[in-house]
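Commentary on secondary and tertiary structure
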Amino acid sequence: MARLQNKVAIVTGAGRIGNIGLAVCEAFLREGAAGVVATDILLDDAAAIAAKMADTHGEGRFQLLQLDVTSEADWQRVVEETVASFGHLDVLVNNAGISIHGGVESTSLEDLRKVMAVNHDGVFLGTKVCAPLLAEAVNRHPGGGSIINTASMASYMPNANNIGYHVSKAAERMLTICSAVEFGPKKIRVNSVHPGTTMTPLIRQGLEDYVRGGLWSTTEEAETALAGMTPLNMNSQPEDTAHAFVYLASDESRFVTGASIYHDGGIGLRY
Ligand SMILES: NC(=O)c1ccc[n+]([C@@H]2O[C@H](COP(=O)([O-])OP(=O)(O)OC[C@H]3O[C@@H](n4cnc5c(N)ncnc54)[C@H](O)[C@@H]3O)[C@@H](O)[C@H]2O)c1
């Protein structure tokens, strides 16, 4: 049986070709999800994504909607549209994230708040708005509802050059475990996936920032150096990272809540 049969999911930050959110949507569809609502603040790639999804997975199980995760009104609208299209909600993937490089001295309060707004407040709002519907998932699935937060190796590794991102991802981890305790009695499981370097548009932008900052001379050199920081000497691809989300979304993980899945090639073992 398909691992996500009859499940309906909302995934944030999934509107960009080549990113983790879209890879998660594809993996969910491959595993038989009844409905996947990809959302993003930017819909520049919408036409190409719709065509790709229809081609690979057929019509009717995939939608792409505009959602700014920092807007509670946007969340309410997306949840209403999800229920109107697919009838219920079983899985929420809080995946949208941004990064603005800098240390304490070079980061403005405004930039720090921008990063916290997306990486922390967006997860808080998604959890808050979707929880009532996710609490009904236990009537359909033994694993109940599932919230999966895309945190990062940044949740547990310091980086003085990227303070906002690391602080926000550490806060996201604490939000995950507090929510796991709060929503356990309602049979909603809340877990986090912590990707290491995964080759997406966000990381490519980060590598360019490092090169501009003089840390490495080319992005290729940066990519190789980051791989070399892991015991496996490799970086991840979005499709690899997506496997961890399938497990947490499925009933195979029905006894798993508050867990951190380190999908980081072992880089975290050094911290
Ligand atoms: N790629 C990596 O190496 C890596 C490593 C660790 C963690 N992560 C995390 O994985 C997640 C996905 O990252 P990615 O690498 O696929 O990056 P990405 O930039 O390709 O994807 C992030 C998406 O979030 C969207 N977004 C930004 N602000 C938003 C907002 N206010 N509301 C809704 N959507 C918004 C962007 O438009 C983008 O499509 C992020 O949370 C990121 O922090 C990535």
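Residues numbered from 1 in each chain as written. Predicted model: local features only at pLDDT ≥ 70, side-chain atom pairs only at ≥ 80, totals over all residues. Heavy atoms only, no water.

**Points about the overall build of the chain**
When helices and strands are counted, the chain shows 8 helices and 7 strands. Over its C-alpha trace the chain gives a radius of gyration of 18 Å, about what one expects of a compact globule, namely 18 Å for 271 residues. The principal-axis extent of the C-alpha atoms belonging to the chain is close to 55 × 40 × 35 Å. Here the chain holds 271 residues, and 51% of them are scored as buried. In the chain, the proportion of contacts linking residues at least 24 apart, taken out of those at least 6 apart, comes to 78%. Total accessible area on the chain stands at roughly 12000 Å², and carbon and sulfur atoms take up 56% of it. Charge separation in the chain, taken as the distance between the mean sites of 20 positive and 30 negative side-chain charges, equals 7 Å. (Helix = DSSP H or I, 4+ residues; strand = E, 2+ residues; numbered from the N terminus. Rg over C-alpha atoms; globule rule 2.2 N^0.38 Å. Buried < 20%, exposed > 50% of the residue type's maximum accessible area, 1.4 Å probe, protein only. Contact = heavy atoms within 4.5 Å. Areas by Shrake-Rupley, 256 points an atom, 1.4 Å probe, with all protein chains shown as cover. Lys, Arg positive; Asp, Glu negative; His and termini not counted. Charge placed at Lys NZ, Arg CZ, Asp CG, Glu CD.)

**Comments concerning the pairing of strand E4 (residues 91-94)**
Judged by which residues are buried, E4 turns out to be covered on both faces: Val91 and Val93 on one side and Leu92 and Asn94 on the other are all buried. Pairing analysis gives 3 bridges linking strand E1 (residues 8-11) to E4, with the strands arranged parallel. The residue of E4 that forms the bridge with Ala9 is Val91. Alignment of E4 against strand E5 (residues 145-150), held across 4 bridges, turns out to be parallel. By the bridge assignment, Asn94 is partnered in E5 with Asn149. Tracing the backbone out of E4, into helix H4 (residues 109-134) and back to the parallel element E5 gives a crossover that is right-handed. (Pairing = 2+ DSSP bridges. Right-handed = clockwise from strand over helix to strand, strands pointing away.)

**Concerning the side chain of Thr197**
Relative to the elements of secondary structure, Thr197 occurs in the loop between strand E6 (188-195) and helix H6 (201-212). Setting aside chain neighbours within four positions, we find Thr197 in contact with Met153, Ile203, Leu226, Asn235 and Ser236.

**Quick word on the environment of Asp74**
Structurally, Asp74 is set in helix H3 (residues 72-86). C-alpha separation for the pair Asp74 and Ile41, spaced 33 residues apart in sequence, amounts to 9.9 Å. Among all residues touching Asp74, those that are not within four sequence positions of it are Gln66, Leu67 and Asp68.

**Regarding the environment of Glu136**
Tracing the backbone shows Glu136 in the loop between H4 and E5. Since its relative accessible area comes to 38%, Glu136 is described here as partly exposed. Along the backbone, Glu136 and Lys187 are 51 residues apart, and their C-alpha atoms lie at a distance of 8.6 Å.

**Some thoughts on the packing of H6 against helix H7 (residues 219-228)**
Two elements in contact, H6 and H7, have axes whose closest approach is 9 Å; the angle formed by their N-to-C orientations is 110°. Classified by the angle between their axes, H6 and H7 sit roughly perpendicular to one another. Contacts from Arg204, Leu207, Glu208 and Val211 in H6 reach Thr219, Ala222, Glu223 and Leu226 in H7. Tallied by class, the residues present in the contact of H6 with H7 amount to 4 nonpolar, 1 polar and 3 charged. (Axes fitted to C-alpha atoms, helices over the stretch in contact; angles between N-to-C directions. Parallel < 35°, antiparallel > 145°, perpendicular 65-115°, else oblique. Nonpolar A, V, L, I, M, F, W, Y, C, P; charged D, E, K, R; others polar.)

**Brief notes about the packing of aromatic side chains**
Inspection of the entire model under this criterion finds 2 aromatic pairs. Ring plane angle 90° and centroid distance 5.6 Å describe the contact between Tyr210 and Trp216, whose orientation is recorded as edge-to-face. The burial state of Tyr210 is the same as that of Trp216; both residues are buried. (Phe/Tyr/Trp six-rings, centres within 6.5 Å; stacked < 30°, edge-to-face > 60°.)

**Thoughts on helix H2 (residues 46-57)**
Look at H2: 16 Å from first C-alpha to last across 12 residues, which is about the 16 Å you get at 1.5 Å a residue. Every buried residue of H2 is accounted for by Ile49, Met53 and His57. Here the buried residues of H2 occupy an arc of 30° about the axis, which is enough to place them on one side. Opposite the packed face of H2, turned more than 90 degrees from it, sit the exposed residues Ala47 and Asp55. Following H2 by one or two positions, Gly58 adopts a phi angle in the positive range, close to 80°. (Expected span 1.5 Å × (residues − 1). Arc of directions from axis to C-beta.)

**Points about the side chain of Thr176**
Looking at the secondary structure, you find Thr176 in helix H5 (residues 163-183). Non-local contacts of Thr176, meaning those with residues more than four positions away in its chain, are made with Asn149, Val190, Asn191 and Ser192.

**A closer look at the site of the ligand**
For the ligand, the set of nearby residues contains 27 residues, the closest of which are Arg16, Asp40, Tyr165, Thr198 and Thr200. At a separation of 3.3 Å, an oxygen atom of the ligand approaches a polar side-chain atom of Asn19. Counting only elements with at least two residues in the shell around the ligand, the list comes to H5 and H6. When residues in the shell around the ligand are grouped by element, the largest group, 3 residues, is from H6. Classifying every residue of the shell around the ligand by side-chain character gives 13 nonpolar, 10 polar and 4 charged. (Near = heavy atom within 4 Å. Polar contact = N/O pair within 3.5 Å; in protein donor to acceptor, adjacent residues only side chain to side chain.)

**A short note on the nonpolar core**
One finds Phe28 and Phe62 to be the most contacted residues of the largest nonpolar core, which totals 29 residues. When contributions to this core are tallied by element, the ones reaching two or more residues are E1, helix H1 (20-30), strand E2 (35-40), H2, strand E3 (62-66), E4 and helix H8 (238-249). For this core, the element with the highest residue contribution is H1, accounting for 8 residues. When near neighbours in sequence (up to four residues on either side) are disregarded, Phe28 contacts Leu4, Ala9, Val11, Ala33, Val36, Val91, Val93, Phe245, Val246 and Ala249. Judged by nonpolar contacts, the second largest core, of 25 residues, contains Leu67, Val129, Leu133 and Ile188. (Core = buried A, V, L, I, M, F, W, Y, C linked by side-chain atoms within 4.5 Å.)

Functional significance is not addressed by these values, which are geometric in nature.
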